[in-house]
Amino acid sequence: MKIIVNGVTIECRRADITLEDTDAVVNAANSRLAGGGGVDGDIHRAGGPAIMEECRKIGSCPTGRAVITGGGRLKARYVIHAVGPVYRDGAHKEAELLAGAYLNSLKLADEKGLASIAFPSISTGAYGYPVAEASEVAVKTAVEFAKSAAKLRLIRFVLFSDSDLKTYERALKRAVAE
Ligand code: AR6
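Described below are features of the structure shown in this document. Since the structure is predicted, the reported quantities are computational estimates derived from the model, not experimental observations. (Residues numbered from 1 in each chain as written. Predicted model: local features only at pLDDT ≥ 70, side-chain atom pairs only at ≥ 80, totals over all residues. Heavy atoms only, no water.)

1. Quick look at the packing of aromatic side chains
Any two aromatic rings considered together are summarised by their centre-to-centre distance and by the angle between their planes. Tallied over the full model, the rule gives five aromatic pairs. Arranged with centres 4.8 Å apart and planes meeting at 55 degrees, the rings of Tyr-87 and Tyr-129 form a pair that is tilted. Of the two residues, Tyr-87 is situated in the loop between strand E5 (78-83) and helix H3 (94-111) and Tyr-129 in the loop between strand E6 (116-119) and helix H4 (131-146); the sequence distance between them amounts to 42 residues. Among the residues examined, Tyr-129 registers a relative accessible area of 4% and is labelled buried. For the pair Phe-157 and Tyr-168, a centre-to-centre distance of 5.6 Å together with 40 degrees between the ring planes defines the contact as tilted. Highlighted residues: Phe-157 in strand E7 (residues 154-159) and Tyr-168 in helix H5 (residues 162-177), separated in sequence by 11 residues. Considered together, Phe-157 and Tyr-168 belong to a single accessibility category, that of buried residues. By the ring-pair criterion, three or more aromatic residues cluster together here, those being Tyr-102, Phe-119, Phe-157 and Tyr-168. (Phe/Tyr/Trp six-rings, centres within 6.5 Å; stacked < 30°, edge-to-face > 60°. Helix = DSSP H or I, 4+ residues; strand = E, 2+ residues; numbered from the N terminus. Buried < 20%, exposed > 50% of the residue type's maximum accessible area, 1.4 Å probe, protein only.)

What follows is the structure, encoded as structure tokens:
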């Protein structure tokens, strides 16, 4: 499914993000940029050690923010390491921090003049964020950003299961109906 907002395509697909050929892929990182399981493990495995070398030099990244490295052996030229919140009960600024992780990634890509970016479903794996709530935050942030994007022309949400894909598609339909 895809929609177009102000010339920016926003789409959802089911795939492995390490295979994406967008200018940047986003990693669901931790604030120590230390690598881990899930999409983080997959990206470092597929992209090779150059990505971790750069992460070590950068050192850390606060929750709700993002940093950029090269893409190593990935097709994507860059990896944007975004740090989403650990979900507690929804009353600990989780939505604000998750929106920040998406928004700061989009800003980094746009400021670098990149045309395309692919996101995984940040925080909804090990960090426990309910996917229905997280998808609303993710697509709303993308739709809002698209209205004022300078260079970015494609924002892709790459989901790992059919059920997550359906959830993101529903959220995207709702976001454009608003
Ligand atoms: N492509 C696309 N999506 C994927 C892939 C992949 N290759 N692999 C997993 N997912 P998670 P988080 C999905 O746990 O919740 C790490 O250890 C997965 O099914 O990767 O933000 C980090 O180092 C889920 O829907 O990220 C952090 O410590 C989504 O990606 C912590 O986990 C996010 O799941 C971050 O946790």
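Next comes the rest of the account.
2. A closer look at the nonpolar core
Among the nonpolar cores identified, the biggest contains 38 residues, and Ile-10, Ile-117, Phe-119, Ile-155 and Phe-157 are the most heavily contacted of them. With eight residues, the top contributor of residues to this core is H4. In this structure, Val-25, Val-83, Ala-118 and Val-158 belong to the second largest nonpolar core, which totals 16 residues. (Core = buried A, V, L, I, M, F, W, Y, C linked by side-chain atoms within 4.5 Å.)

3. A short note on the site of the ligand
Around the ligand, a shell composed of 21 residues is seen, among which Asn-30, Val-39, Asp-40, Ser-123 and Gly-125 lie nearest. At 2.9 Å, a backbone N or O of Gly-37 approaches an oxygen atom of the ligand. Measuring from an oxygen atom of the ligand, one finds a backbone N or O atom of Thr-124 at 3.4 Å. When isolated, the ligand has an accessible area of 700 Å², and the protein chains bury 88% of it. Here the element with the most residues in the shell around the ligand is helix H1 (residues 38-47); it accounts for four residues. Across the shell around the ligand, the residue classes break down as eight nonpolar, nine polar and four charged. (Near = heavy atom within 4 Å. Polar contact = N/O pair within 3.5 Å; in protein donor to acceptor, adjacent residues only side chain to side chain. Areas by Shrake-Rupley, 256 points an atom, 1.4 Å probe, with all protein chains shown as cover. Nonpolar A, V, L, I, M, F, W, Y, C, P; charged D, E, K, R; others polar.)

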